[in-house]
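Next come the chains, spelled out residue by residue.
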Amino acid sequence: MMASRFISNRLISMISGLLAAESVVAQIPKGDVVIELETVVSGLIAPLGVTHAGDGSGRLFIWEQSGQIQIVDNGTLLPTPFLDISDLLPELNPFFDERGLLGLAFHPDYATNGRFFVRYSAPRDGAPGEPCFGTSRGCHSEVLSEFSVLSGNPNLADPSSEIVLFTIDEPQFNHDAGTVEFGPDGFLYFTLGDGGGAHDGLADSPPSHGPFGNGQNIETALGGILRIDVDSAPQASLAYAIPPDNPFVGGPGLDEIYAYGMRNPYKFSFDDGPGGNGRLFLADVGQNLFEEVNIVVKGGNYGWVVREGFNCFDPFNPLDPPSSCPDTGPLGEPLLDPIVEYSHDEGGITVIGGFVYRGSASPSLFGRYVFGDFSAQFVVPSGRLYYLIEPALDSFEIRELQIGADDVPYGLFLKGFGEDEAGEIYACGSTALAPFGNTGVVQRIVAPLRIASADIRPGSCPNPLNLKSHGRLPVAVLGTVDFDVTEIDLSSVRLGTDTGSAAPNNGPPGPPVVFEDVATPFDGELCDCHDSDGDTIIDLMLKFDIQELGTATDLASTGPEFVELTVTGSLLDGTPFSASDCVRIVPPGDVDGDGLVGISDLLIVLSDWGSCHSCAADANGDTHVNITDLLIILSNWT
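Counting from 1, residues in each chain are numbered in the order their sequence is written. Per-residue local features of the predicted model are confined to residues with pLDDT of at least 70, and side-chain atom pairs are confined, for both listing and counting, to 80 or more; whole-chain, interface and lining totals are unaffected and use all residues. Think of the side-chain values as coming from all heavy atoms in the structure, minus any hydrogens and water.

Asks: Hey, could you go over the overall build of the chain for me, with residue numbers and the actual values?
Replies: Numbering of helices and strands starts at the N terminus; helices are DSSP runs of H or I of at least 4 residues and strands are runs of E of at least 2. When you go through the chain residue by residue, the secondary structure sums to six helices and 36 strands. Partly exposed describes any residue whose relative accessible area lies between the buried limit of under 20% and the exposed limit of over 50%, with all areas from a 1.4 Å probe on protein chains only and scaled to the type maximum. For the chain, with 638 residues in total, the buried portion stands at 54%. Should any heavy atoms of two residues lie within 4.5 Å, those residues are counted as being in contact. Of the contacts formed within the chain by residues at least 6 apart in sequence, a portion of 62% connects residues at least 24 apart. Only the protein chains shown count as cover for residues, and the accessible areas themselves come from Shrake-Rupley with a 1.4 Å probe. As displayed, the chain has an accessible area near 25,500 Å², and 54% of this comes from carbon and sulfur atoms.

Structure, rendered in structure tokens:
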């Protein structure tokens, strides 16, 4: 399944760490996204993932490593599994195992054709000389099969409908990968690890993965991501067709390969939801030191066993990365870097790939890749939940999600993620290391809207708070990374002041709001407040009646030069929010904003005489500069 090296290596590493002198190691930093984990179903054995049938039913399909596909319908776990293939699996080890039912994907036209696809491990006898032969786990193969739903019952599959599409013998029990997904192109993708063991078999005597290992061997399916066509007529000797643009069609290399150079690409997904661009995110489990996340491109070579993450790798000295190594593969192609990596000291021992969030319940996660780590160690369940930020185009950084207001630990072995038809994301975990027991749980990840960093600004164009003006004061409430202004219940918004002892707010609640969305206002018309912090989140311009504001807050024209405006209200889900900032108060007629009404203001009025839309000389806001504006200046001359 998801572990990245032999158990003995893990235990040695863990014990060594406990005996070593205490040291401070930088951890993956906490992000500003706070989530809640809403339990969908508990009491499972070993949930590895969640998906949907794309049929509009809203059902969740959960596959368990132990061999069952469970259905949650309207929040209820159905008593009978959709499919149970436990009798097709090897006998799973009670301490730890990476084999089992590993992946599930429904055909894009499942609603009409009833086809779905699973990845699972199957036992085999093996032969003397194989690394798996005679071991306690025994030898196995990895299988990709097609099944169909049972006619007349949408909640049951037909177990007799199996069509085996692909099978490959595995030299060791681990590094089986397992994800199977349809891409935006309609083809079926699935992954295979390098065959298991450690060092891609190169340090074994003799090498257990051939003389060169499997990651850099383009003649084997092991160590890569494969792409096949399950809708066209099968090609000779195959149960499927080969997409004609696969990178090695017509030349050296296995025709099924889409990309390669991977160790244990356990989880991958496509960013193909609303707003997505179809990028393929893949988390490749490392060995002793580093974990990595890649964006995979067709024909890409991702470096294993030459590299681990951004670092060189020596299979004969795996704890000491060499200072240099080849930067090309067997065909002279470049070895591609991941988009991010983290060390085991920073973030855990096994990366678990997830999904780019494209749902609607958690706006602060929208467009962000959510993933995690299995655990900090094997002894204690200590998984972690992460997401990526993209400060610049194609430049990524890892942040850890905060869980709840108190930022509690995840406290489980993280075994996978899932996505429903609405784009909401789920985490699958358990307190059990192996696929046994009943502590498995599936939880929905929800990031409630937080308002701590909401901001209010008066804008940068000349538009001071003038209590005698008949115009309206534009005020921008800015969207930030964890505050989406489109979620404001505008009917609840009020404007008040908080001016301290200089001018306490003893009046009634502030006036209601006239609002408009001005993501791209004309320069100087409504102030240049759109997306002022460059976070790509639209800022909403709220316009408040100035005369009502003066009445509600007991402010007089002789009040303080600056006043702190406070916007209060609630979000659509009822969550209250408030935000405040300072706005300058100027005397009526101070059209140049210098705090005085004098000759310069008079000259501006005279020079702008006539029709004038949103100009400073329009002291009364009637879109005309005329005698009325002149009288306002003369009556307030200082």
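Asks: Could you give an account of the packing of aromatic side chains, with specific residues and numbers?
Replies: Here is the rule: rings of Phe, Tyr and Trp (six-membered ring for Trp) pair when centre to centre is within 6.5 Å. Planes less than 30 degrees apart are stacked, more than 60 are edge-to-face, and the remainder are tilted. In this structure the tally under the stated criterion is 22 aromatic pairs. Measuring from ring centre to ring centre gives 5.1 Å for phenylalanine 82 and phenylalanine 116, while their planes differ by 50 degrees; the resulting arrangement is tilted. On the criterion of sequence distance, the pair formed by phenylalanine 82 in the loop between β5 (76-77) and β6 (83-84) and phenylalanine 116 in strand β8 (residues 115-124) is long-range, its members being 34 residues apart. We note that phenylalanine 82, like phenylalanine 116, is buried. Consider the rings of phenylalanine 106 and phenylalanine 116, whose centres lie 5.7 Å apart with planes at 35 degrees: the pair is tilted. Taken as a pair, phenylalanine 106 in strand β7 (residues 101-106) and phenylalanine 116 in strand β8 lie far apart in primary sequence, 10 residues in all. Residue phenylalanine 106 shares its accessibility class with phenylalanine 116, and that shared class is buried. Among the aromatic residues, ring-to-ring pairing joins Phe61, Phe82, Phe106, Tyr110, Phe116 and Phe147 into one connected group. Charges are assigned to positions over rings by a cutoff of 6 Å between ring centre and Lys NZ or Arg CZ, combined with an angular limit of 35 degrees from the ring normal. Above the ring of phenylalanine 173, the side-chain terminus of arginine 137 is found at 3.8 Å from the ring centroid.

Asks: If you had to explain the confidence of the model for the chain to someone new, which residues and values would you point to?
Replies: On a scale of 0 to 100, pLDDT captures the predictor's confidence in every residue. When pLDDT is averaged along the chain, the result is 82; 76% of the residues meet or exceed 70. This stretch, residues 498-539, has a pLDDT under 50; its non-local contacts, to residues over four places away or in other chains, come to 103 contacts. Here residues 544-560 is modelled with pLDDT under 50, and outside its nearest four sequence neighbours on either side it reaches 49 contacts, counting other chains as well.

Asks: For the sheet that holds strand β13 (residues 224-228), give the residues involved together with the corresponding values.
Replies: By way of backbone hydrogen bonds, the strands of a sheet pair with one another, either parallel or antiparallel. Pairing between strands is defined by DSSP: at least two bridges between them are needed. In space, the four strands of this open sheet follow the order β11-β12-β13-β14, with antiparallel pairing throughout. Only two strands of the sheet have a single partner each, and these edge strands are β11 (180-182) and β14 (257-260). Sheet twist, expressed as the mean angle between neighbouring strand axes with direction ignored, is 20 degrees. Inspection of the sheet shows β11 paired to strand β12 (residues 188-192) by three bridges, in the antiparallel sense. Residue pairing for β12: valine 180 is matched across the bridge by phenylalanine 190. Fitted lines through C-alpha atoms serve as axes, helices being fitted only where they are in contact, and the angles separating the N-to-C directions of these axes extend from 0 to 180 degrees.

Asks: Help me get a handle on the pairing of strand β2 (residues 47-51), residues and values and all.
Replies: Judged by how many residues are buried, β2 sits mostly within the fold: five of five residues are covered. Pairing between β2 and strand β3 (residues 60-64): four bridges, direction antiparallel. Bridge pairing in β3 places valine 50 opposite isoleucine 62.

Asks: Mind laying out the nonpolar core, listing which residues take part and the relevant values?
Replies: To form a nonpolar core, buried Ala, Val, Leu, Ile, Met, Phe, Trp, Tyr and Cys residues must be joined to one another through side-chain atoms within 4.5 Å. By size, the foremost hydrophobic cluster in this structure holds 69 residues, and its most contacted members are Ile35, Ile69, Phe82, Phe116, Leu365, Phe371 and Phe417. With five residues, the single largest contributor to this core is strand β23 (residues 384-392). Phe117, Phe182, Leu222 and Ile257 belong to the second largest nonpolar core, which has 22 residues in total.

Asks: Break down the state of the cysteines for me, citing the residues and quoting the values.
Replies: Any cysteine sulfur atom paired with another within 2.5 Å is treated as part of a disulfide. Inspection of the entire model under this criterion finds two disulfides. For cysteine 132, the disulfide goes to cysteine 139, at an S-S distance of 2.0 Å. Judged by the sign of its S-S torsion, about 100 degrees, the cystine formed by cysteine 132 and cysteine 139 is right-handed. Take cysteine 139: its relative accessible area is 5%, and that puts it in the buried class. Covalent S-S linkage joins cysteine 312 and cysteine 325, the inter-sulfur distance amounting to 2.1 Å. Across the S-S bond of cysteine 312 and cysteine 325 the torsion is about -75 degrees, and the bridge reads as left-handed. One end of the pair, cysteine 312, is in strand β19 (residues 311-312); the other, cysteine 325, is in the loop between β19 and β20 (340-343), with 13 residues separating them in the sequence. We classify cysteine 312 as buried; its relative accessible area is 13%.

Asks: Go over the sheet that holds β8, please, and point to the residues and values.
Replies: Strand order in this open sheet of four strands is β7-β8-β9-β10, and the pairing throughout is antiparallel. Each edge of the open sheet is held by one strand with a lone partner, namely β7 and β10 (157-170). Between one strand and the next, the sheet's axes are offset by a mean angle of 25 degrees, whatever the strand orientation. Examined bridge by bridge, β7 and β8 share five bridges and lie antiparallel to one another. Looking at the pairing, phenylalanine 106 lines up with phenylalanine 116 of β8.

Asks: A description of a nonpolar patch on the surface should follow, citing residues and the corresponding values.
Replies: Two joining distances apply to patches: 9 Å for like charges and 5 Å for nonpolar side chains (Val, Leu, Ile, Met, Phe, Trp, Tyr), and every residue must have over 30% relative accessible area and no salt bridge. We define a salt bridge as a side-chain nitrogen of Lys or Arg found within 4 Å of a carboxyl oxygen belonging to Asp or Glu. On the surface, Ile599, Leu603, Leu606, Trp609, Ile627, Leu631, Leu634 and Trp637 cluster together into a nonpolar patch covering about 830 Å² of accessible area. Mapped by element, the contributors of at least two residues to the nonpolar patch are α5 (599-607) and α6 (627-635). Residue position: leucine 606 is located in helix α5. A relative accessible area of 46% places leucine 606 in the partly exposed class.

Asks: Give a detailed account of the environment of leucine 331, specifying residues and quantitative values.
Replies: Tracing the backbone through its elements, the reader meets leucine 331 in the loop between β19 and β20. Among the residues examined, leucine 331 registers a relative accessible area of 52% and is labelled exposed.

Asks: Explain the pattern of salt bridges to me, and be specific about the residues and the numbers.
Replies: Counting across every chain of the model gives 19 salt bridges. In this structure, the salt-bridge partner of lysine 30 is glutamate 400, at a minimum N-O distance of 3.6 Å. Residue lysine 30 is located in strand β1 (residues 30-44), and its partner glutamate 400 is located in strand β24 (residues 395-403); the two are separated by 370 residues in the primary sequence. On the basis of relative accessible area, lysine 30 is assigned to the partly exposed category, the value being 43%.

Asks: An account of unusual backbone geometry is needed here, citing residue identities and associated values.
Replies: Most peptide bonds take the trans configuration, and most residues that are not glycine carry a negative phi. Here the residue pair serine 205 and proline 206 is connected by a cis peptide bond, since its omega of -5 degrees sits within 30 degrees of zero. Note that the residue after tryptophan 304, namely valine 305, is joined by a cis bond; omega there is 20 degrees. Structurally, valine 305 is set in the loop between β17 (290-296) and β18 (307-308). One non-glycine residue, alanine 177, lies in positive phi territory at about 50 degrees. A relative accessible area of 0% places alanine 177 in the buried class. Backbone geometry at aspartate 394 places phi at a positive 65 degrees, although glycine is not the residue there. Checked against the element boundaries, aspartate 394 lands in the loop between β23 and β24.

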